[in-house]
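Chain by chain, the residues run as shown.
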Amino acid sequence: MRRQRESARRGDIRVRCRGNAGSDESPSVTLFTVGPEPNHHIGNAQCPECADEYPEPCRCGGLMHAAGAEENADGTMQLTTRCDRCGRSEDQLDER
Ligand SMILES: [Zn+2]
Ligand SMILES: [Zn+2]
């Protein structure tokens, strides 16, 4: 089954707010860059910096992170996606 891509959503990108949900930032977290800032947590399925509904499982077994977002002239939001294991974006994974 093919997932509906949502790379052009209107401005509903927001960072998750997790309050005090047990394990906060562990000191061993490794950050990597998606979009403008190196603030995504490798291997963290609850990555606090990801856009809504991310990270998602990548087909390589890693996690696909997404950072928002540039607003285009027509008002759509463009997500930047990158896997924390294989380093590919969703767009690259679609090319076959
Ligand atoms: Zn992330
Ligand atoms: Zn991957």
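Every chain is numbered independently, its residues counted from 1 as its sequence is written. Here the convention is simple: chains get letters from A, ligands get numbers from 1, in the order in which they are written. Where local features are concerned, this predicted model is filtered to residues with pLDDT of at least 70; where side-chain atom pairs are given and counted, the filter is 80 or more; whole-chain, interface and lining totals use all residues.

Draft legend 1. Just the nonpolar core, in detail. In this structure, Val 34, Cys 47, Cys 50, Ala 51, Tyr 54, Cys 58, Leu 63, Met 64, Ala 66, Ala 67, Leu 79 and Cys 83 together form the largest nonpolar core, which totals 12 residues. The numbering of helices and of strands both runs from the N terminus, where a helix is a DSSP run of H or I of at least 4 residues and a strand a run of E of at least 2. Elements with a contribution of two residues or more to this core: strand E5 (63–71) and strand E6 (77–83). The contact partners of Leu 63, leaving out residues within four places of it in the chain, are Gly 43, Ala 45, Pro 55, Pro 57, Cys 58, Cys 83 and Asp 84. We define a nonpolar core as a collection of buried residues of the types Ala, Val, Leu, Ile, Met, Phe, Trp, Tyr and Cys that are connected via C-beta atoms lying within 7 Å of each other. Residues are called buried when their C-beta atom has 20 or more other C-beta atoms within 10 Å, exposed when it has 12 or fewer, and partly exposed otherwise; all C-beta atoms are positioned from the backbone. Throughout, a pair of residues is in contact if the C-beta atoms placed from their backbones lie within 7 Å.

Draft legend 2. The confidence of the model for the chain, seen in detail. Taken over all residues, the pLDDT of the chain has a mean of 80, while the share at 70 or more is 69%. On a range of 0 to 100, pLDDT expresses the predictor's confidence in each residue. Looking across the chain, the model is least confident in strand E1 (residues 8–9), with a mean pLDDT of 51, and most confident in strand E4 (residues 56–57), with 96.

Draft legend 3. Layout of unusual backbone geometry. Between Tyr 54 and the following residue, Pro 55, the backbone shows a cis peptide bond with an omega angle of 0°. Within the fold, Pro 55 resides in the loop between strand E3 (37–41) and E4. One non-glycine residue, Glu 53, adopts positive backbone phi at about 70°. Inspection of the secondary structure assignment puts Glu 53 in the loop between E3 and E4.

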